[in-house]
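Reading the structure
So you can see what is in the structure, the chains are spelled out below.
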Amino acid sequence: MAPRSKDLTAAAVLDATNGERERVFDEFRRWGYLEADLDPLGLFHPLEVPELQLDGDAAREARRAYCGTIGVEFMHIADAERRRWIQEHMEAPQAPVDQEAALDHLIRAELFELVLQQRYLGTKRFSLEGVTALVPLVDEILELASQLGAMELVMGMSHRGRLNVIVQVAKRPPEEVFAGFEDVDPRSILGGGDVKYHLGATGEYVTRTGAKLHIHLVSNPSHLEAVDPVTVGRTRAKQDRVGEPGKAKYLPLLVHGDSAFAGQGIVAETLNFADLPGYTVGGTIHVIANNLIGFTTVPREAHSSRFSAQIARRQSIPIFHVNAEDVDAVIRVGRMATEYRYQFGTDVVIDLIGYRRHGHSEVDDPTITQPLLYKAIKDHPPLWEIYAEDIGVEDVQSRVAEIRKEYETAQEKAGTLTKMPVLRELPNYWDGYRGGRYKPEYAVETGLSSAELAELTERLTTYPLDFHIHPKVKKLLEQRAEMGKGKRPVDYGMAEALAFASLVKSGVHVRLSGQDSRRGTFNQRHSVLLDVENEHEYVPLQNISADQASCDIYNSTLSEAGVLGFEYGYSRDYPEALVLWEAQFGDFANVAQAVIDQFVSAGEDKWGLLSGLTLLLPHGYEGQGPEHSSARIERFLQLAARDNFQICQPSNAAQYFHLLRRQALSHWRKPLVVFTPKSMLRHPDASSPIADLTHEAFLRVVPDDQVTDAKRILLCTGKIGHELREERKKRKDTSTAILFVDQLYPFPEAELATEFERYSDARDIVWVQEEPANMGPLFYMLPRLRHVAGSRSVLSVKRSASASPSTGSAKAHEMEQRAILGLAFSSNP
Ligand SMILES: Cc1ncc(C[n+]2csc(CCOP(=O)(O)OP(=O)(O)O)c2C)c(N)n1
Ligand SMILES: [Mg+2]
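Here's what I pulled together on the structure shown here. Remember, it's a predicted structure, so these values are computed and weren't measured experimentally.

This paragraph deals with the overall build of the protein chain. Across its full length, the protein chain carries 28 helices and 22 strands. Scaling as 2.2 N^0.38, a compact globule of 829 residues should have a C-alpha radius of gyration of about 28 Å, and the protein chain matches this with 31 Å. Principal-axis analysis of the C-alpha atoms places the extent of the protein chain at approximately 100 × 80 × 50 Å. Going through the 829 residues of the protein chain one by one, you find that 58% of them count as buried. Of the contacts made within the protein chain by residues no fewer than 6 positions apart, 81% connect residues no fewer than 24 positions apart. Summed over all atoms, the accessible surface of the protein chain reaches about 33,500 Å², with 51% contributed by carbon and sulfur. Mean positive and mean negative side-chain charge positions of the protein chain (93 and 116 charges, respectively) differ by 5 Å.

With that settled, consider the pattern of salt bridges. Evaluated as defined, the whole model comprises 51 salt bridges. Glu425 is the partner of Arg172 in a salt bridge, and the nearest nitrogen-oxygen pair spans 3.6 Å. Placement of Arg172 in the loop between helix H6 (162–168) and helix H7 (174–182) and of Glu425 in the loop between helix H16 (396–416) and helix H17 (450–461) is noted, with a sequence separation of 253 residues between them. When its relative accessible area of 11% is taken as the criterion, Arg172 is described as buried. When its relative accessible area of 48% is taken as the criterion, Glu425 is described as partly exposed. For Glu604, the salt bridge identified is with Lys670, shortest N-O distance 2.5 Å. Remark: Lys670 occurs in the loop between helix H24 (653–665) and strand S16 (672–676) and Glu604 occurs in helix H22 (residues 603–607); sequence separation between them is 66 residues. The buried category is assigned to Lys670, whose relative accessible area is 0%. Taken together, the shared-partner salt bridges in this structure form one network comprising Asp104, Arg108, Arg399, Glu402 and Glu406.

This paragraph deals with the packing of helix H19 (residues 492–505) against H24. Packing of H19 against H24 brings their axes to within 8 Å, and their N-to-C directions diverge by 25 degrees. Taken together, the axes of H19 and H24 are roughly parallel relative to one another. As H19 packs across H24, the resulting crossing turns out to be right-handed. Between H19 and H24, the residues in contact are Tyr492, Ala495, Glu496, Leu498, Ala499, Phe500, Ser502 and Leu503 and Ala653, Tyr656, Phe657, Leu660, Arg661, Ala664 and Leu665, respectively. By residue class, the composition of the contact of H19 with H24 is twelve nonpolar, one polar and two charged.

Another point: the site of ligand 1. The local shell around ligand 1 holds 15 residues, among which His159, Arg160, Asp258, Ala260 and Ile293 are the closest. The side chain of His159 places a nitrogen or oxygen atom 2.8 Å from an oxygen atom of ligand 1. Ala260 places a polar main-chain atom, nitrogen or oxygen, 2.9 Å from an oxygen atom of ligand 1. For ligand 1, whose unbound accessible area comes to 580 Å², protein coverage reaches 75%. Sort the elements by how many residues they give to the shell around ligand 1 and helix H10 (residues 258–263) lands first, with three residues. Residues of the shell around ligand 1, tallied by class, amount to four nonpolar, nine polar and two charged.

Turning our eyes to something else, we now look at the coordination of the magnesium ion (ligand 2). Only Asp258 (OD), Asn291 (OD1) and Ile293 (O) from the protein coordinate the magnesium ion (ligand 2), and they sit 1.9 to 2.0 Å from it. The sequence motif formed by the donor residues of the magnesium ion (ligand 2) is D-x32-N-x1-I. Placement of Asp258 in helix H10 and of Asn291 in the loop between strand S6 (285–290) and helix H12 (299–302) is noted, with a sequence separation of 33 residues between them.

For the rest of this paragraph, the subject is a negative patch on the surface. Together, Asp98, Glu100, Glu394 and Asp395 make up a region of like negative charge exposed at the surface. Inspection of the secondary structure puts Asp395 in the loop between helix H15 (383–391) and H16. For Asp395, a relative accessible area of 54% corresponds to the exposed category.

Reading across from one edge, S17-S19-S18-S21-S22 is the order of the five strands in this open sheet, with mixed pairing throughout. The sheet is open, and its two borders are formed by strand S17 (701–702) and strand S22 (793–799), each paired with just one other strand. When S17 meets strand S19 (residues 736–741), the two strands line up antiparallel, connected through two bridges. Its bridge partner lying in S19, Val702 is registered against Phe740. Along the sheet, helix H25 (residues 719–731) contacts S17, strand S18 (712–716), S19 and strand S21 (764–772); its crossing angle with S19, the most-contacted strand, is approximately 165 degrees. Packing against the sheet, helix H28 (residues 810–825) makes contact with S18, S19, S21 and S22, and its axis sits at approximately 170 degrees to S22.

Here the focus is the packing of aromatic side chains. With the rule as written, the count across this model stands at 31 aromatic pairs. Plain terms: the ring middles of Trp430 and Tyr433 are 5.9 Å apart, the flat faces sit at 75 degrees to each other, and that makes the pair edge-to-face. An aromatic cluster of three or more residues is present, and its members are Phe112, Tyr120, Phe178, Phe181 and Tyr407. The side chain of Arg341 reaches across the aromatic face of Tyr342, ending 4.6 Å from its centre.

Attention now moves to the sheet that holds strand S9 (residues 510–514). One open sheet holds the seven strands; their spatial order is S12-S9-S13-S14-S16-S15-S20, and the pairing between them is mixed. Sheet topology places strand S12 (551–555) and strand S20 (743–745) at the edges, where each strand pairs with a single neighbour. Neighbour-to-neighbour, the strand axes of this sheet turn through a mean angle of 20 degrees, independent of strand direction. Pairing geometry for strand S14 (residues 614–618) and S16, over five bridges, is parallel. Each bridged residue has a counterpart across the sheet, and for Leu617 the counterpart in S16 is Phe675. Running over the sheet, helix H20 (residues 561–572) touches S9, strand S13 (578–582) and S14 and is turned about 170 degrees from S13.

Parameters at a glance
- Residues numbered from 1 in each chain as written.
- Chains lettered and ligands numbered in written order.
- Predicted model: local features only at pLDDT ≥ 70, side-chain atom pairs only at ≥ 80, totals over all residues.
- Heavy atoms only, no water.
- Helix = DSSP H or I, 4+ residues; strand = E, 2+ residues; numbered from the N terminus.
- Rg over C-alpha atoms; globule rule 2.2 N^0.38 Å.
- Buried < 20%, exposed > 50% of the residue type's maximum accessible area, 1.4 Å probe, protein only.
- Contact = heavy atoms within 4.5 Å.
- Areas by Shrake-Rupley, 256 points an atom, 1.4 Å probe, with all protein chains shown as cover.
- Lys, Arg positive; Asp, Glu negative; His and termini not counted.
- Charge placed at Lys NZ, Arg CZ, Asp CG, Glu CD.
- Salt bridge = Lys/Arg side-chain N within 4 Å of Asp/Glu carboxyl O.
- Axes fitted to C-alpha atoms, helices over the stretch in contact; angles between N-to-C directions.
- Parallel < 35°, antiparallel > 145°, perpendicular 65-115°, else oblique.
- Left-handed = near helix turned anticlockwise from the far one by under 90°.
- Nonpolar A, V, L, I, M, F, W, Y, C, P; charged D, E, K, R; others polar.
- Near = heavy atom within 4 Å.
- Polar contact = N/O pair within 3.5 Å; in protein donor to acceptor, adjacent residues only side chain to side chain.
- Donors = N, O, S within 2.8 Å, 3.2 Å for Na, K, Ca; no water.
- Patch = residues over 30% accessible without salt bridge, like charges linked within 9 Å, V, L, I, M, F, W, Y side chains within 5 Å.
- Pairing = 2+ DSSP bridges.
- Phe/Tyr/Trp six-rings, centres within 6.5 Å; stacked < 30°, edge-to-face > 60°.
- Lys NZ or Arg CZ within 6 Å of the ring centre and 35° of its normal.

Shown next, in the form of structure tokens:
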């Protein structure tokens, strides 16, 4: 039956009303956050958005949802379902909040700072006051996350409020933190250790509903935001260890400063990992502890966007701005953000807007640079006071006195401690791995039998019958098959494939990432075969044996600091794996210098934390100009001390094979820096007979088996050694021994002494390098060589000191190279 016309009209009116209401709401959904009431001090004024100057019931309702103390940016999210999710949650009535618990968190957080302030006046603690709502916020995140399957929170944060978080979130007993202020045991860490607001901590959190969550606060350096990719990489490793459920079980949380979030590029690099197969962790929760200041710098000087959080807008993820003094709203945001992360598996950003009670640190006077702001802050009551009044709690003073007493007792206890407490426990997968100085007992045999090599070769060079392979790759695999059979010398690409294959076969997980690493920048790897007709992938390294470990090789984003940080983090939670990061050219590693300085080289010294991360850095002077020649060997050697890492340049394919296997199989867990070849990748001089892969182990110094009775010894590392041997052949020289130092650090003193003894008639020992005098290993080698050489003279040949690593002219390079070779063989270099 057709509807009567009266119904039609009513429906049309209803439609029109709904349409109008939706239109009004949409304006507020889109722009509401700009008019939201976000700053507790009221100094960061809401904007007046023309589109929102609307009257009527719908506008009033929409304003209540979107311009209160929560402002959410979400209309840039491409996915309609996700927008609808946010919309429904923002427009729904508010669920009740456990206000008593929230008040308790606030009092605890504020009093902790107060006791520190009173007992340790004049020391830095980077107080949380002004954004103490962080504590009930994290509590709510943990409450929800545990309901949704989380077992562990992996948390990265910098200085601000860190000590408070160690006590309130990681649940370390407060006396452990106070002990840091007492500096109870300085002798135990002479020359090492770190300041108290950088150390990591672990603990157990019990949620309001009684669930237990492990908390892991990651150690971090002063370098703001450098810990971000490390935290995410650590989370990924923990997740990978347990397979698919890992994404729910391990939740990463990053707490950022507002200035740092906007200013540090590594934030953008880390955000960019969110949805990438090799790097995703199913969503990181980002919290900006936004005090609207960075040291003395105000937002209008710190970012070109209205909110520091807006760097995250390039991603299809929500940004929740919330007034840090509306505690209930903060908790509501924590709930929404966590549910969203679990629902959609993406990052979310919470911009917690408050203020900073004191100066940047407590020894800094902020009234010099922000006199008016600090006048306002001086008269502003602490949040617990405001909240207690809001929710009508009367006997709050007795609660305050009780908590203060607890902290004071803890503080007195700290004064009686004689040993610095260790704030963290290591997971048991670190059992059996060793750091510290190298000991001979860490040596491992790395050779494989011919039969094993043949079997691996077979797996590496075959693919399904119906696979349409690219003709060039086909040829490469045919050549590799010949290499495995000893019909052709093994090159670096094959040596690496055999090393990886042998490791995964024996159960060692291999993970390598870097720019264009799947194919290899120099066309040398081809770890993934692509069917030319349908682009289906076949990965020989994933088809080695039925019970093999996985071999994951990823093309990384075009980032160095972020990716290296991630892989360092990964290595921290997967000590049994061979984890490698590859630079496209070695020089690009300097973009990741902060990660190298702060984590890779110093992590053990500062935090007692080990890593077996391997860096592959293509290096060598080949006339490609200042930027593609040098991986800056000198920088790594300068960082080397107390056996903190291994620095090697394998001179041939077999050496590379043994080195990779040594790194995975030894229980000495140290970062390994490998200078890898470019032009020598397939060069016959640097290729190896397959028999060399059956030898016992990596040679720190590669002896010269062509000269027995030398008058001179040329010492070098890398490509130049092959050029020197070629030159020697041309000159028909039989009195010069040429040795490769394949391990630069730890210094192979015993091996060199043996070689020098072998050539007892050699009077001159000459260090030859391609690098200019102010670069390369020269500064490092000379004093050490003199020590080993005794009365013999130690000379050197190198390029003249230079401000840039090399010439930009290929011809000039050739001339220089000839001069080096000539000098090396002249009697008076
Ligand atoms: C990479 C880096 N650059 C500079 C500094 C020095 N520094 C320490 S804290 C700070 C201000 C940080 O401001 P913000 O990110 O807003 O955090 P807040 O201290 O306000 O919590 C600066 C510049 C640093 N630690 N790291
Ligand atoms: Mg700040």
